[in-house]
Amino acid sequence: MRVLVVEDEEPLGEVFRDFLAEMGHDATVVRSAEAALGSLEHQRPDAVLLDINLPGMSGLDFLQLRPVRDAALAIVAISGVATESQARECLRLGALDFVGKPVPMDRLNEVLTFLEPHALTRRRTERARHERRRGPRARIGFPVRIVEYKGTAWDGVCEELSATGMKVRSRAGLTEGAAVKLLFTPPDGATPVEVISLAVRVDRDGTAFSFVHLANAEAKRLSELVQRLQRP
């Protein structure tokens, strides 16, 4: 199976990777929830081992992201300091299991063995979800702030806007799949928007972002703005 390990402690991440390789699994290790989000843009794992206490975006925040919930990922939450209430919250948010550190490898193997028969069906479903429909969009310019999870920031200009993403012209040194935070105030004069986004395409003339965690009210607001701008 393809297993994504989200663990900020490098030595422990290597232990997980070596153990999973011995069990015949293909493991990828990342050290933050933001990096995991970027990885999901290119491949959908059959299982995710998710540390709850991560720098930046926490594991609980990751579980609540719309792409994570929509993809119905098989997530096993792990933590060495989580409270009982946090464990219950992980399960409520969709984690299949919660395992405390140090992680008993025999129990981890049992969980992955249970998930393995469902891997083929999950991959087919994820491939279907990867196809995106192109929604209405409008050409419009306004300032955008791009903030990487490590804190690096760039200023840019929106060139094309939709309710699900935007294209931004900037000098940001991003690669496809990078997870960032976009901060901007739409030209409707309303409140500012702050949204986690993925760089889905990087061209010479700009970067196309897909919004990840945009509130329904904000999505409706941007959709109405785009419709107004498209009117002759």
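Residues numbered from 1 in each chain as written. Predicted model: local features only at pLDDT ≥ 70, side-chain atom pairs only at ≥ 80, totals over all residues. Heavy atoms only, no water.

Engineer: Run through the sheet that holds strand S11 (residues 206-211), naming residues and quoting values.
Structural biologist: The strand order around the closed barrel built from 6 strands is S6-S7-S8-S11-S10-S9, with neighbouring strands paired in antiparallel fashion. The average undirected angle you get between the axes of adjacent strands in this sheet is 45°. Alignment of strand S6 (residues 137-148) against strand S9 (residues 179-184), held across 5 bridges, turns out to be antiparallel. Counted as the bridge partner of Val-144 is Phe-184 from S9. Packed on one face of the sheet, helix H8 (residues 216-230) meets S6, strand S7 (153-162), S9, strand S10 (193-203) and S11 and runs near 145° to S6. (Pairing = 2+ DSSP bridges. Helix = DSSP H or I, 4+ residues; strand = E, 2+ residues; numbered from the N terminus. Axes fitted to C-alpha atoms, helices over the stretch in contact; angles between N-to-C directions. Contact = heavy atoms within 4.5 Å.)

Engineer: So what's going on with unusual backbone geometry? Which residues, and what values?
Structural biologist: Note the cis peptide between Lys-101 and Pro-102, where omega equals -5°. Assignment of secondary structure puts Pro-102 in the loop between strand S5 (97-100) and helix H6 (105-115).

Engineer: If you had to explain the sheet that holds strand S4 (residues 75-79) to someone new, which residues and values would you point to?
Structural biologist: Read from one edge of the open sheet, 5 strands run S2-S1-S3-S4-S5, paired in parallel fashion. Looking at which strands have only one partner, the edges of the open sheet turn out to be strand S2 (26-30) and S5. Within the sheet, the average angular offset between the axes of one strand and its neighbour, ignoring direction, is 20°. In terms of strand pairing, strand S1 (residues 2-6) meets strand S3 (residues 47-51) through 4 bridges, oriented parallel. Residue pairing for S3: Leu-4 is matched across the bridge by Val-48. The strands that helix H1 (residues 10-22) touches are S1, S2, S3 and S4; relative to S2, the one it contacts most, it runs at about 170°.

In short, shape yes, function no, at least from these values alone.
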